[in-house]
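Spelled out, the chains give:
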Amino acid sequence: MSNEDFNKRLFKYFDDHQKDYIQRLGDAVRIPSVSAWPDHRSEVVRMVEWTKSLMEKLGVKVELADIGQQKLADGTKIKLPDVILGTYGNDKTKKNVLVYGHLDVQPAQVSDGWDTEPFVLTEKHGKLFGRGSTDDKGPVISWLNVIEAYQTLNEPFPVNVKFVLESMEEYGSDGLEDLLKSLKNTFLSDVDYVVISDSYWLGKEKPCLQYGLRGICYFFIDVESSTKDLHSGVFGGTVHEAMTDLITIMSTLVDDQGRILINGMYDDVAPLSPAEEQLYSKITFDVSTYCSEAGVKKTIQTEKEKILMHRWRYPSLSLHGIQGAFDGCGCKTVIPRHVIGKFSIRIVPNMKISTVEKLVENHVKQIMKTRNSPNKVSIKLEHGGNYWVADPNNPQYVAARKATVAVHGIEPDLTREGGSIPITLTFQEQTGKSVLLLPVGASDDGAHSQNEKFDISNYMNGMKVMSVYFQEVAKL
Ligand SMILES: NCC(=O)N[C@@H](Cc1c[nH]cn1)C(=O)O
Ligand SMILES: [Zn+2]
Ligand SMILES: [Zn+2]
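Please read all numbers here as calculations on a predicted model, not as lab measurements.

(A) Summary view of the coordination of the zinc ion (ligand 2). Coordination of the zinc ion (ligand 2) by the protein is provided by His-102 (NE2), Asp-135 (OD), Asp-198 (OD) and Asp-198 (OD), with metal-donor distances spanning 1.9 to 2.7 Å. Each donor residue of the zinc ion (ligand 2) lies on the same chain, and together they follow the pattern H-x32-D-x62-D. In this structure, the zinc ion (ligand 2) lies 3.3 Å away from the zinc ion (ligand 3), the two metals sharing Asp-135 as a donor. Linking Asp-135 in helix H4 (residues 133–152) with Asp-198 in the loop between strand S9 (193–196) and strand S10 (208–213), this pair joins segments that are 63 residues apart in sequence.

(B) Focus on the packing of helix H3 (residues 41–57) against H4. The N-to-C vectors of H3 and H4 enclose an angle of 20°; their axes lie 11 Å apart at closest approach. In terms of orientation, H3 lies roughly parallel with respect to H4. In this structure, the crossing between H3 and H4 has a hand that is right-handed. Where H3 approaches H4, its residues Met-47, Trp-50, Thr-51, Leu-54 and Met-55 are matched on the opposing element by Lys-137, Ile-141 and Leu-144. Here the contact of H3 with H4 is composed, by residue class, of 6 nonpolar, 1 polar and 1 charged.

(C) Looking closely at the nonpolar core. In terms of nonpolar packing, the biggest core is built from 94 residues, with Phe-163, Val-164, Leu-438, Tyr-469 and Phe-470 touching the most fellow members. Two domains each put at least three residues into this core: domain 1 (3–214 + 387–475) and domain 2 (215–270 + 313–385). Apart from residues no more than four positions distant in its own chain, Leu-438 is found in contact with Trp-143, Val-195, Ile-196, Ser-197, Leu-209, Ala-400, Val-465, Met-466 and Tyr-469. Judged by nonpolar contacts, the second largest core, of 29 residues, contains Cys-217, Met-351, Ile-353 and Met-368.

(D) The arrangement of the confidence of the model for the protein chain in detail. Residue-level pLDDT values for the protein chain average 97, and 100% of them are 70 or greater. Quick note on the complex model: pTM equals 0.93, ipTM equals 0.97.

(E) Local environment of the sheet that holds strand S11 (residues 215–224). The 4 strands are arranged S13-S15-S11-S16 in an open sheet whose pairing can be described as antiparallel. Of all the strands in the sheet, the pair left with one neighbour each is strand S13 (316–323) and strand S16 (376–385). Across the sheet, the axes of successive neighbouring strands diverge by a mean angle of 20°, strand direction being ignored. In this structure, S11 lies alongside S16, joined through 9 bridges in antiparallel fashion. Considered in S16, the bridge of Cys-217 is made with Gly-384. Relative to strand S15 (residues 338–347), helix H7 (residues 242–251) is tilted by about 10°, and along the sheet it contacts S11, S13, S15 and S16. Contacts from helix H11 (residues 353–369) reach S11, S15 and S16, with the element oriented near 160° to S16.

(F) Fine view of the site of ligand 1. Close to ligand 1 lie Asp-135, Glu-169, Glu-170, Gly-172, Asp-198, Tyr-200, Ile-216, Arg-346, His-383, Gly-419, Ser-420 and His-448. Glu-170 has a polar backbone atom sitting 3.5 Å from a nitrogen atom of ligand 1. Here a nitrogen atom of ligand 1 sits 2.9 Å away from a polar atom, N or O, in the side chain of Asp-198. If ligand 1 stood free it would expose 370 Å²; the protein chains cover 92% of that surface. Taken together, the residues that form the shell around ligand 1 break down as 2 nonpolar, 5 polar and 5 charged. Here the shell around ligand 1 spans two domains, since at least three of its residues come from each of domain 1 (3–214 + 387–475) and domain 2 (215–270 + 313–385).

(G) Quick peek at the side chain of His-363. Tracing the chain through its elements places His-363 in helix H11. Residues in contact with His-363, not counting those within four places in the same chain, are Thr-252, Leu-253, Leu-261 and Ile-262.

(H) Expanded view of the pairing of S11. Buried residues dominate S11, accounting for 8 of its 10 residues. Here S11 pairs with S15 via 10 bridges, running antiparallel. By the bridge assignment, Ile-221 is partnered in S15 with Gly-341.

Cut-offs and rules
For every chain, the first residue of its written sequence is number 1, and the numbers climb from 1 along that sequence. As they are written, the chains are lettered A onward and the ligands numbered 1 onward, keeping that order. Per-residue local features of the predicted model are confined to residues with pLDDT of at least 70, and side-chain atom pairs are confined, for both listing and counting, to 80 or more; whole-chain, interface and lining totals are unaffected and use all residues. Only hydrogens and water are set aside when side-chain values are computed; all heavy atoms of the structure are taken into account. Distances up to 2.8 Å from the metal define which N, O and S atoms are donors, and 3.2 Å serves for Na, K and Ca; water is absent from the atom set, so sites may look incomplete. Think of it this way: any DSSP run of H or I at least four residues long counts as a helix, any run of E at least two long counts as a strand, and we number them from the N terminus. Whenever a helix is involved, its axis is fitted only over the stretch in contact; in every case the axis is a line through C-alpha atoms, and angles between N-to-C directions fall within 0 to 180 degrees. Here the angle decides the label: under 35 degrees means roughly parallel, over 145 means roughly antiparallel, 65 to 115 means roughly perpendicular, and every other value means oblique. Less than a right angle of anticlockwise turn of the near helix away from the far helix marks a crossing as left-handed, whereas a clockwise turn marks it as right-handed. Working rule for contacts: check all heavy atoms of both residues, and any pair within 4.5 Å makes them a contact. Side-chain classes are defined by residue name, with Ala, Val, Leu, Ile, Met, Phe, Trp, Tyr, Cys and Pro counting as nonpolar, Asp, Glu, Lys and Arg as charged, and the others, Gly among them, as polar. Residue types Ala, Val, Leu, Ile, Met, Phe, Trp, Tyr and Cys, when buried and joined through side-chain atoms within 4.5 Å, form a set referred to as a nonpolar core. When a residue's accessible area, from a 1.4 Å probe over protein chains only, is under 20% of the maximum for its type it is buried; when over 50% it is exposed; and in between it is partly exposed. The split of the chain into domains comes from an automatic or database domain assignment. Residue-level confidence of the predictor, termed pLDDT, takes values from 0 up to 100. A pair of strands counts as paired when DSSP detects no fewer than two bridges linking them. It suffices for a single heavy atom of a residue to lie within 4 Å of a molecule or strand for the residue to be listed as near it. We define a polar contact as two N or O atoms separated by no more than 3.5 Å, with the added condition that, inside protein, one atom must be a possible hydrogen donor and the other a possible acceptor, whereas residues neighbouring each other in sequence contribute only through side-chain atom pairs. In these tables, accessible area is a Shrake-Rupley quantity obtained with a 1.4 Å probe, and a residue counts as shielded only by the protein chains included in the view.

In structure tokens form, the structure reads like this:
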């Protein structure tokens, strides 16, 4: 049978089994594997076990790698979830493709404003709503569905596949870097290509391949004022309040133009070359759709090119929350004794995590000097991940472009991603091989947000692209 005929059969197989694939994703979404919630660690472990069992059913050889312990803010330690190392096929004549993905998800609760239960996959109008549906359970399961389809159709798999599936990605990939370094001369030594499907198209219709990611430095600012919470009528106006110090610090970090106000933060940012500047205008991107997807009236920048640059090639600082602050309904006249402010800086070429850390520390010290406050203030880099930029003209990208054209009938845009996949650079360094970002989700999937979803069409087409990508890589 010609390859074209086989692909027709394969694609029909995917379409015919849509219901089974949705059910499988539903089983995965039902496990609330939130890595940021230490009291849910057993659910993360359950997700690892669920995936291991599926992989073993498909004949993938699975090993669970222990990556040690996580130290929590209060000093206690809990076990980090094991990393799944999978091997499918060991034919020496075939290429070895390493697939990376993650099984943990961002926190989610109905009270955040979800229209449906976040951990119950709910189908509506061709969309599958649920936490982790697009980030990253849908894409991870898609890779496994591809292996299953080949087996059922009795077709030899075009490449050997290795899997690295972690469950702390949404918490900075704690523990994974050391594991990968230790595997450099064993599990990783024969890898030819690394592929990651954990990002999104720039729009809803046109596929893209990505060759860049921003990194992330996630900070905790800890402010302690008293030994207990205080009555604001009894003590207000006489004590230095933790929240007042914290809010002051947090309000000095970024201005209304999105410019980071920390001295020196832009010193290492790579200058914009004329060649790079030209790339942005060619990319399909609609500003009004972007605004409506974000649910905002307007963006800081108005031009498409500037918006893309500020997503991809300039740093940004976002405020995330304050732990310990009163956030319930109604009114409570309390002065919280201890609050922790959380913010992150997305970093870009050529910023260094250690430099960013020092600059933030200096900034906080300077602000506190002006406050005349006796409160205990400490700043901690909770986790950091590097930026990553690759050459989109290398053969692996050419293979992925062919696969995209074969399925979608259109050349993908070559784009970058504003988010972070902290371990990407480590894969490149430890294998010495090309890493490809092959997004399958759409721009409006709402990863990390309320009502995260994965379109059924993206799920089905994603598996088709993944299949042809393996075939094309086999030819390289
Ligand atoms: N799909 C990738 C993704 O969502 N990555 C996270 C990684 C991260 C790092 N620290 C917390 N999360 C992101 O926020 O970009
Ligand atoms: Zn992800
Ligand atoms: Zn994510």
